[in-house]
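# Chain and residue survey
Below are the chains, spelled out letter by letter.
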Amino acid sequence: MESATVATGEDRVIRESCGLLDRSERGKLLLSGAQAGEFLQGQVTNDVEALAPGAGCYAAFLTPKGKMLGDARVLASDAGLWLDTERSALQEIFNLIRRFRVGFEVELHKRTLERSLFSLVGPGARRVASAEDLVEEEHSHRLVMVGGVQARAVATDLGIDLIADAESGEALRQTLEAAGATPVDEAVVEALRVERGRPRYGVDLDDSVIPQEAGLNARAVSFTKGCYVGQETVARLFYRGKPNRLLRGLRLSAPGSAGDELLLGERRVGALGSVALSPAHGLIALALVR
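As a starting point, this report considers the structure included with it. (Residues numbered from 1 in each chain as written. Predicted model: local features only at pLDDT ≥ 70, side-chain atom pairs only at ≥ 80, totals over all residues. Heavy atoms only, no water.)

### A closer look at empty space enclosed by the protein
This is how it is decided: A 1.4 Å probe that fits into a set of points on a 1 Å grid over the protein atoms alone but cannot get out defines a cavity; an open set with protein on both sides within 12 Å along at least five of seven lines defines a pocket, and lining residues are those with an atom within 4 Å of a point. Grid points are joined across faces, edges and corners, and a volume is the space filled by probe spheres set on the points. The helix and strand labels rest on DSSP assignments: H or I over at least four residues marks a helix, E over at least two residues marks a strand, and numbering proceeds from the N terminus. Three categories are distinguished: nonpolar for Ala, Val, Leu, Ile, Met, Phe, Trp, Tyr, Cys and Pro, charged for Asp, Glu, Lys and Arg, and polar for the others, with Gly belonging to the last.
With the rule as written, the count across this model stands at two cavities of 30 Å³ or more. Space inside the largest cavity adds up to approximately 580 Å³. Taken together, 28 residues form the lining of the largest cavity, with Arg23, Arg26, Glu86, Asp157 and Arg193 sitting closest to its centre. Elements represented by at least two residues in the lining of the largest cavity include exactly strand 4 (68-77), strand 7 (115-121) and helix 6 (186-195). For the lining of the largest cavity, the element with the highest residue contribution is helix 6, accounting for four residues. Of the residues belonging to the lining of the largest cavity, the class tally is nine nonpolar, three polar and 16 charged. Taken as a whole, the second largest cavity spans an internal volume of roughly 50 Å³. Here the lining of the second largest cavity gets three residues from one element, more than from any other, and that element is strand 5 (residues 80-85).

Here is the structure:
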């Protein structure tokens, strides 16, 4: 096995204090209108109609055969339902919503370029974000003032995300750094994500994956809500089936990269997804393995 590595300064920052990562490139959409919740309820795997303002959830968009077209964080607010997603899935999700919202009282707004998004990672995130009293449940959110900038603070599994107007982005960044947040490289935060076994759409997940294969049922799927696209496959696999492959965390014995084949003898059993260098475990990866 690859030996564990010594933690770098940036590794220590995100594990002991507060790291800052600009994720403003993520796709962002707003659904508004009287039937926004009713409409989205029929399109995603989780129970978005049950969300009160200030609450949120993680959900997937599926094909009729239950394969993932993308995933999103859904936040309920007085303005409507905010969605943010991987940039690689944004256009597919936008097209899907635009195509199927016909007949519903729903407006679709592009917000990717109009909103900045900064991730604060580490135990000091809430202090830096002025959000010490935010409910700890993941996806809980509320408006905060950071310096002179208004932002939406969102609880994550690693700390706090702050979403603000794009024109306030630089001022927000400077305020966060002055409050003690240290800019870190994305690779350092990605290593922590891989350690925690959280797959990322576009790297570990694509349109060939059913949520249960990736261990997403507990996070992304409601089995008590009404019908949604792809529900039949998801429910049948959960109640009666067994996935042919499962997401697994791996320790690598040699360097690898996303897409490299995993072989058992001469038989292909999967391919690497996310690959990272962990200070605790050395080279690690996520993969869907048969």
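### Describing the sheet that holds strand 11 (residues 182-183)
Consider a sheet: its strands pair through backbone hydrogen bonds, and that pairing is either parallel or antiparallel. How we decide: Here the rule is simple: two strands pair whenever DSSP picks up at least two bridges between them. Residue contacts are counted whenever heavy atoms from the two residues lie within 4.5 Å of one another. Between the N-to-C directions of two axes lies an angle of 0 to 180 degrees, each axis being a line fitted to C-alpha atoms and, for a helix, fitted only over the stretch in contact.
Within the open sheet, the six strands sit side by side as 8-9-10-7-1-11. Their pairing is mixed. Both edges of this open sheet fall to strand 8 (141-146) and strand 11, since each of them pairs with a single strand only. Two strands pair when backbone bridges link them, and strand 9 (residues 149-155) and strand 10 (residues 159-165) are joined in this way by four bridges, in the antiparallel orientation. Counterpart to Arg152 in the pairing with strand 10 is Ile163. The sheet contacts of helix 5 (residues 169-178) involve strand 1 (19-22), strand 7, strand 8, strand 9, strand 10 and strand 11, and relative to strand 7 the element is tilted by about 15 degrees.

### Focus on the environment of Gln150
Inspection of the secondary structure puts Gln150 in strand 9. With 13 residues separating them in the primary sequence, Gln150 and Ile163 have C-alpha atoms 8.8 Å apart.

### Structural notes on the packing of aromatic side chains
Our working rule: What counts as a ring pair is set by centres within 6.5 Å for rings of Phe, Tyr and Trp (its six-membered ring), and what kind of pair is set by the plane angle: stacked under 30 degrees, edge-to-face over 60, tilted for all other angles. The criterion is that NZ of a Lys, or CZ of an Arg, lies within 6 Å of the ring centre and within 35 degrees of the ring normal, and then a charge sits over that ring.
One pass over the full model with this rule turns up four aromatic pairs. An aromatic cluster is present here, built from Phe223, Phe238 and Tyr239 joined pairwise through their rings. Against the face of Phe94 rests Lys110, its NZ or CZ located 4.8 Å from the ring centre. The ring centre of Tyr58 lies 4.2 Å from the NZ or CZ of Arg219, which sits over that ring.

### Describing the pattern of salt bridges
Keep this limit in mind: Basic side-chain nitrogens of Lys or Arg form a salt bridge, by our definition, when they fall within 4 Å of a carboxyl oxygen of Asp or Glu.
As enumerated under the stated definition, the model contains 21 salt bridges in all. For Arg268, the salt bridge is made with Glu261, and the minimal N-O distance between the two is 3.2 Å.

### With respect to the pairing of strand 2 (residues 27-32)
What counts is decided by this rule: Relative accessibility under 20% of the residue-type maximum defines a buried residue, over 50% an exposed one, and the middle range a partly exposed one, all with a 1.4 Å probe and only protein chains included.
Of all six residues that make up strand 2, six are buried, and the element is covered over most of its length. Going residue by residue along strand 2, you find Gly27, Leu29 and Leu31 tucked away on one face and Lys28, Leu30 and Ser32 tucked away on the opposite face as well. In the sheet, strand 2 pairs with strand 6 (residues 107-110) via four bridges, with the strands oriented antiparallel. Each residue of the ladder has a partner; that of Leu29, found in strand 6, is Lys110.

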